[in-house]
Amino acid sequence: MHSQNVPESIREDEFAIDVINGEKVLITLPTILGGRGSEWEGSPIFGRHYLMALLQRGMEHDVLQPADIQRLLNRCPAQR
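Predicted model only: the values in this text are computed from it and were never measured.

The rules behind each value
Residues numbered from 1 in each chain as written. Predicted model: local features only at pLDDT ≥ 70, side-chain atom pairs only at ≥ 80, totals over all residues. Heavy atoms only, no water. Helix = DSSP H or I, 4+ residues; strand = E, 2+ residues; numbered from the N terminus. Buried < 20%, exposed > 50% of the residue type's maximum accessible area, 1.4 Å probe, protein only. Contact = heavy atoms within 4.5 Å. Areas by Shrake-Rupley, 256 points an atom, 1.4 Å probe, with all protein chains shown as cover. Pairing = 2+ DSSP bridges. Salt bridge = Lys/Arg side-chain N within 4 Å of Asp/Glu carboxyl O.

1. Here we look at the overall build of the protein chain
- Within the protein chain one finds two helices and two strands.
- Along its sequence from the N terminus, the protein chain presents helices and strands in the succession β-β-α-α.
- Scored against the burial criterion, the 80 residues of the protein chain give a buried share of 14%.
- Restricting to contacts in the protein chain with at least 6 residues of sequence separation, those with at least 24 account for 50%.
- A total of about 6,600 Å² of accessible surface is found on the protein chain, and carbon and sulfur atoms cover 52% of it.

In structure tokens form, the structure reads like this:
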């Protein structure tokens, strides 16, 4: 599926930080990208750039720590 609406960044006015159930969370605006009639209709779609921006915002606001990312990397199989 090709969409020109896939966000590549998260602007300052497109997220909030809060605490839910005692855990700091990053809240983003819902961006529904699955087009009407597609198999992904109504589903959020996250591209590489958006995911990187989400990680960056999470680390900037102490939702994530570098150690969290390192633990994740240690679990992922090496790319070939």
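2. With respect to the pairing of strand β1 (residues 15-20)
- Examined bridge by bridge, β1 and strand β2 (residues 23-28) share six bridges and lie antiparallel to one another. Bridging across to β2, Ile17 finds its partner in Leu26.
- Following β1, the chain reverses through two residues before pairing antiparallel with β2; Asn21 in that reversal takes a positive phi of roughly 50°.

3. A look at unusual backbone geometry
- Look at Asn21: it is not a glycine, yet its phi comes out positive at around 50°.
- We classify Asn21 as exposed; its relative accessible area is 80%.
- Notably, Asp62 is not glycine yet its phi reads approximately 60°, a positive angle.
- Along the chain, Asp62 falls in the loop between α1 (48-60) and α2 (66-75).
- Overall, Asp62 belongs to the partly exposed group, its relative accessible area being 48%.

4. Considering the pattern of salt bridges
- Inspection of the entire model under this criterion finds five salt bridges.
- Ionic pairing is found between Asp13 and Arg11, a salt bridge with its closest N-O pair at 3.2 Å.
- Between Arg11 and Glu14 there is a salt bridge, with its nearest N and O atoms 3.6 Å apart.
- Judged by relative accessible area, Glu14 falls into the partly exposed class, the value being 22%.
- Through salt bridges that share partners, Arg11, Asp13 and Glu14 make up one connected network.

5. As for the side chain of Arg57
- Relative to the elements of secondary structure, Arg57 occurs in helix α1.
- Setting aside anything within four residues of it in sequence, one finds Arg57 in contact with Ile10, Arg11, Glu12, Phe15 and Leu26.

6. Some points on the environment of Leu51
- One can find Leu51 in helix α1.
- In this structure the C-alpha to C-alpha distance between Leu51 and Glu8, which are 43 residues apart in sequence, comes to 8.3 Å.

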